[in-house]
Amino acid sequence: MIDRVAPIFILFAAVVAGPQILAVLPNVDPLVVIIGIFVALGFLQHLGFASSDCDSGVAGGATQNQGKATASKAEGQSDDGTSDGQEHVCNTKLRDAERALAQNSYANAAALAAQVVDADPECARAWEVLVLAQKWEGNRSLAVTTARKAMDIYEVHSATLESLVQELGATYDPMTAALECEARAGEFLAKQQFDLAFDCYAQGLDTVGLDGGDLRLRLLRGRANCAQQLQDWKTCRSDATELLDHDPNDVAALLQRAVANEALESFAAALEDARRLLILDSRCSAANRLVHSCRKALQ
């Protein structure tokens, strides 16, 4: 401020104050008076610059400290953002794992759940999904080990894990496991998710083997129905044939095999099944349609 006022003050002193000083001191050389005025004003201006530099330094220091505080705050916010980002990723992977488990994609569900428990070992739901996926994959011993690891090492408290340990630790019964597959397939059928029900019936058949008795027949019929809905005609024909081997007069299986043979362009076999079907049920409209269409195709 002083450096801007100084030229005006010097002009004022030279014009007004200089003559008054000479009037009081007539023996003083005017040149000396003028030089003295300029020296005094130069000193005052120097003091003004020093004050300005000091104020600038204080302001600069305050600005620098404020900048550091802002940077520190921003860094803290960045850390919180990273933590929130990791939690969001874990939640997303857990939802994907649950979706994969519901869709019978057990390997994918296990892989996603394993990633979540690696990031958050205290996440009980991730452990549950991982153990369930391993169970449905057929890795019962691994599922037990995983559940005990969650409860013993990471102290995860979960009624589901405790129940799974008791279930999987018991003597393995293929019939019980196949019944679980059948029940799970029924849940998917209720939602008309035929592809997922098909997988459950197939897993049940693999579990129960060839000596499953009535349970195997139920699983075969269920898979044949799903295969027909999915237009998997080879599986439909194969399962219906096994049912007919057990009971040649099984009307539902005979109709399924006739339809599958027609779809596979095995018209002679389809015609034979349709004629036998009419012997068992002369009012079967589907059998009449099959006889007509197959005769036409064979001409």
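Reading the values: the criteria
- Residues numbered from 1 in each chain as written.
- Predicted model: local features only at pLDDT ≥ 70, side-chain atom pairs only at ≥ 80, totals over all residues.
- Heavy atoms only, no water.
- Helix = DSSP H or I, 4+ residues; strand = E, 2+ residues; numbered from the N terminus.
- Buried < 20%, exposed > 50% of the residue type's maximum accessible area, 1.4 Å probe, protein only.
- Expected span 1.5 Å × (residues − 1).
- Axes fitted to C-alpha atoms, helices over the stretch in contact; angles between N-to-C directions.
- Parallel < 35°, antiparallel > 145°, perpendicular 65-115°, else oblique.
- Left-handed = near helix turned anticlockwise from the far one by under 90°.
- Contact = heavy atoms within 4.5 Å.
- Nonpolar A, V, L, I, M, F, W, Y, C, P; charged D, E, K, R; others polar.
- Phe/Tyr/Trp six-rings, centres within 6.5 Å; stacked < 30°, edge-to-face > 60°.
- Lys NZ or Arg CZ within 6 Å of the ring centre and 35° of its normal.

Time to look at unusual backbone geometry. Positive phi values are uncommon outside glycine, yet N104 reaches one of about 65°. The residue N104 is located in the loop between α2 (30-102) and α3 (106-119) in this model. The exposure class assigned to N104 is buried, which follows from its relative accessible area of 11%. Located in the positive-phi region is E155, a residue other than glycine, with phi close to 55°.

Attention now moves to helix α4 (residues 124-137). Helix length check: α4 (14 residues) gives 20 Å between terminal C-alpha atoms against 20 Å at 1.5 Å per residue, within 8%. Burial in α4 covers these residues: A126, W127, E128, V129, L130, V131, L132, A133, Q134, K135 and W136. Just beyond α4, the residue with positive phi is G138, at close to 100°.

Helix packing geometry: the angle between the two helix axes and the distance between the axes. It is at 8 Å that the axes of α3 and α4 come closest, and there the two elements cross at 150°. Between α3 and α4, the interaxial angle falls into the category roughly antiparallel. For the crossing formed where α3 meets α4, the hand is left-handed. Here Y106, A107, A109, A110, A113, A114, V116 and V117 of α3 come into contact with α4, specifically with A126, W127, V129, L130, A133, W136 and E137. In the contact of α3 with α4, the residues fall into 14 nonpolar, no polar and 1 charged.

Right, let's get into the packing of aromatic side chains. With the rule as written, the count across this model stands at 2 aromatic pairs. Between Y106 and W136 the ring centres are 6.3 Å apart and the planes differ by 15°, which places this aromatic pair in the stacked class. Pair noted here: Y106 is in helix α3 and W136 is in helix α4, with a separation of 30 residues, a long-range link. Under the relative-accessibility criterion, W136 is labelled buried at 11%. Its end group placed over the ring of W136, R184 keeps NZ or CZ at 5.0 Å from the ring centre.

In short, geometric facts, not functional conclusions.
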